Structures are given as structure tokens and as C-alpha cells.
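Residues per chain, in single letters:
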Amino acid sequence: MDEQAIFERVRAILEERLAVPQDGITWDSLLKEDLEVDSLDLVNLSMVVEDEYGIDILDGEAEDIRTVGDVVRLIKNSLLSRDGEAK
Amino acid sequence: MAITGMGPVTSLGVGLSPFWEALKAGRSGISRITSFDPQNFPSRIAGEIKDFDPTDYLDRKTVQRMDRFSHFAVAAARLALRDAGLEEGKELQTLNLEPHRAAVVVGSGIGGMNTMESQFKVLMERGWSRVDPFTIPMMIPNMAAGYLSILLGFTGPNLCTVTACAAGSHAIGIGYRLVSEGEADICLAGGVEASITPLAIAAFCSMRALTTRNDHPTSASRPFDADRDGFVIAEGAGMLVLESVEGAMNRGAKIYAELAGFGMSSDAYHVTAPDPQSRGAVLCMGEALRSAGLAPQDIGYVNAHGTSTPYNDRCETLAIKKLFGERAYSIPVSSTKSMTGHLLGAAGGVEAIATAMALYEGILPPTINLEKPDPECDLDYVPGNARQVKVGAALSNSFGFGGHNACLAMKAWEGI
């Protein structure tokens, strides 16, 4: 799946679930500082992403996330490793 | 202690003017429950607030992180502060106060019942990992007070009273003490509840506490009437701004009434039933008078707990007779729950507002639906229509499961 499509989806989820205005969200937006996404929001975001993409995000992985781009890369890597395991 | 701002959020109206106009007109705020399908429950009516939009008071993100009871608390607090002449975001500046001199006390009987039920369903259906991380902060009853301090920047004492249906009156009483004893210069105090949920209705029905007069919602809450058959559950909030008379006068604030005293007691009798001898209720009303420096003969109105349950109305009547003796028969006593329904932990907040308005305008709100008085309920309950009477002092009663009793004493503000 291409990163831009994941980015668009993450942006929509941030708006729908965490009430972050979409137009303020860029690839480099800092979740905490720019978008006021706190640790509990991040848990919420992880849940939605896990359900939507059928992946598992470990708590340790989520802790390293700082930007929207980090979220996108984490999803992409999880998808790749999931599909790799499936093969 | 001056009451300078009041914010009711009820099915009768949101804001002081619509609420008070409805009470004076003897209107009922009771209707069929719409937030879920109540068809299979014995009680299907409530004082449900149908047209409330929390985004009128909060941004969307904060709305999502809060249970409905906290939405009500914020709305009621904003309305009360505005009513007290305090501009939003500039409350402390206008009062010229350090943040730690401003306190918040909000009572709630249950807290975030909606959240608890919806998340328990998630747990059962999808397992622990899908339970909302905000479940605990949304659910715990103290979060209304916590959020108000965060939103307003009030860093003084911040408390939650959890004493069932007496929680609102206890909160106001504790607020009164905090300001009286110099712990704070202003206190935002009141009660809040949002428990019109399937589990709460089921549980109250199981106790046989709720009315089953579903076909006639507006006449279902009938305190002191021989045909009363239980209370009508309701939701909402009532918040008040309390400050010293001196402080209120210095800033030229309108004073609705003086909060003059507070009494507390416990029945030490039974988890839900009131003491048939009403000892706890007599004790707490007596304490309220004593702390206000009032004598029984000074009281011209009692806003009763008056739940419309067979036990409460009989026992509260007995308590008033024991305290006031023969004079009990000439004191107007009314239950505004006949119109609002029973707001549980918010009842004390909403009824303190009704009591203060009765003193301020010299108009006593009625007990509606009182058509055939119970022979054991033989006082003057202001049946049917509001009554114009200038009253010097009044009491507001609240009694909660667990035997918690609270009584607020107020005096009409006559100036200095």
C-alpha cells in the first residue's frame, strides 16, 4: 500500500476520532506539540488503526511515534511484516 | 454568603430564565425516553434533555473525551458564571483573584454511567484491548469538578461529593464552608447527573423506585399525592456562584439570595429507606437553622426533597412537623421535582436555584399534580399554581440513599 494513501487515511482518522482539523495535519506534524494528541489519544489512534488495517501495534512501537509520518511508516512496516509472515 | 450566579440545565430549560419561567408556570419537563428504546422497561419516561448540544460550550475534542454528565456540568458552570457577570475566560481577572482563591465543588450520585455501560459492552463483545482509554477519566464522578478547574484555571480546593441524591446540596454546603472559613473567595458549586441509561433504569425499576405511570408523563411525578407510585428519573445540572457578600457588593454583582447555613446528618438506619421517625431529616434541618442563626419561625418556605415516592414524602412531612410543630401547617412546602423529575445528584443544585429564585422574586414554585393528598401528607404544598409571597428565609432539603441528609438555609437579600 502506498504511503500517501495511508497518510490520507491517518489524517481522516485524526479528524474523525480525535477532532484534529485536517488542514493542519502534514507529514511532519508533531502529534503531541502540533496536534495536541496525548498518550491516551495515541492509544485510541492505535486501536482504530489496528482494526482498520488488521495489524497489531505493540505498546513499545507506539511509544516511539512522534510525527504523523511515523504513524504512516509504522502502519506500512506492520503491513509488510504481516504479509511477509503470511507468505 | 452571596449567591451571585445560577446555571440550571434541565429538561424544563437550559439557563435561568427558561427554567424559572417553567417552574412558575407549573410546567412539567417529563416525556418518553428517547436516548434508547425503553419499551421493555416498566418505567419509560424521564426528565430527559432533548435539545442539548455540548459543542455550544466546549470544543469537539473535549466533548469526545467527556461523559454526558461532565457536558452538563460545564454548561451549567458557564451559564452560572455568565449570569454572575463574569466574562468567559476572564473570570479571575474580573474578580481580581489569585487562581488558588477560586474553588470548585461538584456533586454527582453516579458519574459517567453512559460510559460505563457502553464500554462494558465493548469489553464483552471485543475484549479488553478495545476498551476506550478514556473510560476511567470519563466515568469517575469527580471528573466534572476536575474538568471545570482545568477549563477555568481555578486552582483552589477542588472536590466532588458523592452522596446519592444529596450530592448537589452537600456540594453547595461544602462550598459555603470553604468560602466562610476563608479557604477560598469564590466557589462554583452544585450537582450534576446523567443516568438515564438502560442499566440505571433497570436497577431503579428492580428496586420498584420508579413510577410506572408511562401513559401520562407530565402527571407522573406527583409528590405528596395519594396516588404517587415512585419517582421520575431526570438528568441535568445546577451550578451556583458563591462569594462573600462583601466581595459581591464590591464588584457590584447582583445578589439573588444569601446562603446562610448548612446542615448535615445521617439516618444511620437503612441503605434506601428513610427512618420512619425522620430523626435524621429533623436533625439536618435543625443544624441548617442553627448554622444560619435562624429560628424555626423565621422560615417562610421549604423546598422539599419531595421525590414522589411513598416513603420519602410521608417521612419528610413528618420531619417538617417535628421541627416546626403546629407552625408546620402554615409554612408553604413545595416539591419542584413534580415538574423537573428527580435529578438525583443534581437535584440539590437545581433546587437551590429554585429556592434562591423564590426568595429573590417572592414567588413560590408549586407542587403540580397534587390532586388527592395522601392523608399522611397534610401540609400546605402550594398545589397547582405558583404563589406570590415575600418570604424572609427558606430551606432546601436533600436526602440520599445511604441515609445522607443535607439542608441549605437561605435568606432573602435585603441589602446592607
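Every chain is numbered on its own, with residues counted from 1 as its sequence reads. Chains carry letters from A onward and ligands carry numbers from 1 onward, assigned in written order. Whole-chain, interface and lining totals are the exception, using all residues; otherwise, since this is a predicted model, local features are given only for residues with pLDDT of at least 70 and side-chain atom pairs are given and counted only at 80 or more. Heavy atoms throughout the structure, all of them, feed into the side-chain values; hydrogens and water do not.

In terms of regular secondary structure, chain B is built from 14 helices and 15 strands. Taking 22 Å as the expected radius of gyration for a compact globule of 416 residues, we find that chain B reaches 20 Å, a close match to that expectation. Overall, chain B is about 65 × 55 × 40 Å in size when its C-alpha atoms are taken along their principal axes. Remark: exposure states derive from per-residue accessible area (1.4 Å probe, protein chains only) relative to the maximum for the residue type, with buried under 20%, exposed over 50%, and partly exposed in between. Counting across all 416 residues of chain B, residues that qualify as buried make up 62%. Taking all contacts inside chain B whose residues are at least 6 apart in sequence as the whole, residues at least 24 apart take part in 78%. Of the side-chain charges in chain B, 34 are positive and 43 negative, and the distance between the mean point of each set is 3 Å. Runs of H or I in DSSP of at least four residues are treated as helices and runs of E of at least two as strands, each being numbered from the N terminus. Computation of the radius of gyration draws on C-alpha atoms alone. For the globule rule, the value is 2.2 Å times the number of residues to the power 0.38. Any pair of residues with heavy atoms lying within 4.5 Å of one another is described as a contacting pair. Positive charge is attributed to Lys and Arg, negative charge to Asp and Glu, and no charge count is given to His or to the chain ends. To locate a charge, take NZ of a lysine, CZ of an arginine, CG of an aspartate or CD of a glutamate.

Right, let's get into the domain arrangement of chain B. Residue and element names in this part refer to chain B. Domain start and end points were adopted from an automatic or database domain assignment. Each assigned domain of chain B is listed with its residue range as follows: domain 1 (2-250) and domain 2 (263-412). One C-alpha centre belongs to domain 1, the other to domain 2; they are set 21 Å apart. On the domain 2 side, the residues contacting the 66 residues of domain 1 number 58 residues. Taking both partners together, domain 1 and domain 2 bury about 4600 Å²; carbon and sulfur atoms supply 69% of that area. Using a 1.4 Å probe, buried area is obtained as the accessible area two parts lose upon being combined, added over both of them.

Our next topic: the side chain of B:Ser398. All names here are of chain B. As for its placement among the helices and strands, Ser398 is situated in strand β14 (residues 393-400). On the basis of relative accessibility, which here comes to 0%, the residue Ser398 falls in the buried class. Here a polar contact is recorded for every N or O atom pair within 3.5 Å, except that within protein the pair must consist of a potential hydrogen donor and a potential acceptor, and residues adjacent in sequence are included only if both atoms are side-chain atoms. A polar atom in the side chain of Ser398 sits 2.6 Å from the side chain of Ser169. Filtering out sequence-adjacent residues up to four positions away, Ser398 remains in contact with Cys165, Ala166, Ser169, His305, Gly348, His404, Asn405 and Ala406.

Moving on, we come to the packing of helix α1 (residues 3-18) of chain A against helix α2 (residues 39-53) of chain A. All names here are of chain A. Structural elements are reduced to axes, namely lines fitted to C-alpha atoms, with helices fitted over the stretch in contact, and the angle between N-to-C directions of any two is expressed from 0 to 180 degrees. As a packed pair, α1 and α2 sit with axes 11 Å apart at the nearest point and diverge in direction by 130 degrees. In terms of axis orientation, α1 runs oblique to α2. Of the two elements, α1 crosses α2, and the hand of that crossing is right-handed. Two secondary-structure elements touch here, α1 through Ile6, Arg9, Ile13, Leu14, Arg17 and Leu18 and α2 through Asp41, Asn44, Leu45, Val48, Val49, Glu52 and Tyr53. For this classification, the nonpolar set comprises Ala, Val, Leu, Ile, Met, Phe, Trp, Tyr, Cys and Pro, the charged set comprises Asp, Glu, Lys and Arg, and every other residue, Gly included, is treated as polar. A per-class count over the contact of α1 with α2 returns 8 nonpolar, 1 polar and 4 charged. Angles are sorted into four bins: roughly parallel if under 35 degrees, roughly antiparallel if over 145, roughly perpendicular if 65 to 115, and oblique for all others. Helix crossings are classified by the rotation of the near helix relative to the far one: an anticlockwise turn of less than a right angle makes the crossing left-handed, while a clockwise turn makes it right-handed.

There is a patch of like negative charges on the surface, built from A:Asp59, A:Glu61, A:Glu63 and A:Asp64. Locating A:Asp59 in the fold gives a position in helix α3 (residues 59-63). The patch calculation keeps residues exceeding 30% relative accessible area without a salt bridge and links them within 9 Å when they carry like charges or within 5 Å when they are nonpolar (Val, Leu, Ile, Met, Phe, Trp, Tyr). Accessible surface is estimated by sampling points in the Shrake-Rupley manner with a 1.4 Å probe; for residues, cover comes only from the protein chains shown. Salt bridge, as applied in this entry: a Lys or Arg side-chain nitrogen positioned within 4 Å of an Asp or Glu carboxyl oxygen.

Below, the discussion takes up the packing of aromatic side chains. Any aromatic ring pair is given by two values, namely how distant the centres are and how the planes are angled relative to each other. Here is the rule: rings of Phe, Tyr and Trp (six-membered ring for Trp) pair when centre to centre is within 6.5 Å. Planes less than 30 degrees apart are stacked, more than 60 are edge-to-face, and the remainder are tilted. In this structure the tally under the stated criterion is 7 aromatic pairs over all chains. Ring geometry for A:Phe7 and A:Trp27: centres 5.3 Å apart, planes at 40 degrees, overall tilted. Of this pair, A:Phe7 sits in helix α1 while A:Trp27 sits in the loop between α1 and α2, placing them 20 residues apart in sequence. Given the relative accessible area of 6%, A:Phe7 is considered buried. Summarising the aromatic geometry, the rings of B:Phe52 and B:Tyr57 are spaced 5.8 Å apart at their centres and angled 15 degrees between planes, so their arrangement reads as stacked.

Two kinds of site are reported from a 1 Å grid over the protein atoms alone, namely cavities, where a 1.4 Å probe fits but cannot get out, and pockets, open sets with protein on both sides within 12 Å along at least five of seven lines, and residues are called lining when an atom falls within 4 Å of a point. Grid points are joined across faces, edges and corners, and a volume is the space filled by probe spheres set on the points. This structure, assessed with the given rule, holds 2 cavities of 30 Å³ or more. Reported here for the largest cavity is a volume of approximately 50 Å³. If you go around the largest cavity, the residues you meet are A:Leu42, A:Leu45, A:Ser46, A:Val49, A:Ile57, A:Ile65, A:Val71, A:Leu74 and A:Ile75. Of all the elements in the fold, those that place two or more residues in the lining of the largest cavity are α2 and α4 (68-86) of chain A. Looking at the lining of the largest cavity, the element that brings in the most residues is α2(A), giving 4 residues. Looking at the lining of the largest cavity, its residues break down into 8 nonpolar, 1 polar and no charged. The computed volume of the second largest cavity comes to approximately 40 Å³. Lining the second largest cavity are B:Arg78, B:Leu81, B:Arg82, B:Leu86, B:Glu88 and B:Glu91. The dominant element in the lining of the second largest cavity, judged by the number of residues it contributes, is helix α3 (residues 68-83) of chain B, at 3 residues.

Once that is clear, we can look at the interface of chain A and chain B. Each partner contributes to the interface: chain A provides 16 residues, whereas chain B provides 12 residues. At the boundary of chain A with chain B, total buried surface from both sides reaches about 1100 Å², with 41% on carbon and sulfur atoms. Three residues stand out in chain A for area buried against chain B, namely A:Ala19, A:Leu40 and A:Met47, and they jointly supply 41% of the buried area on that side. Our count for the contact surface shared by chain A and chain B stands at 7 salt bridges. Across the pair A:Glu15 and B:Arg60 runs a salt bridge, and its minimum N-O distance is 2.9 Å. At the surface where chain A touches chain B, the tally comes to 9 residue pairs in polar contact (both at pLDDT 80 or more). When contributions to the side of chain A that touches chain B are tallied by element, the ones reaching two or more residues are α1 and α2 of chain A. If one sorts the elements of the side of chain A that touches chain B by residue count, α2(A) sits on top with 7 residues. Class assignment for the residues of the side of chain A that touches chain B results in 7 nonpolar, 1 polar and 8 charged.

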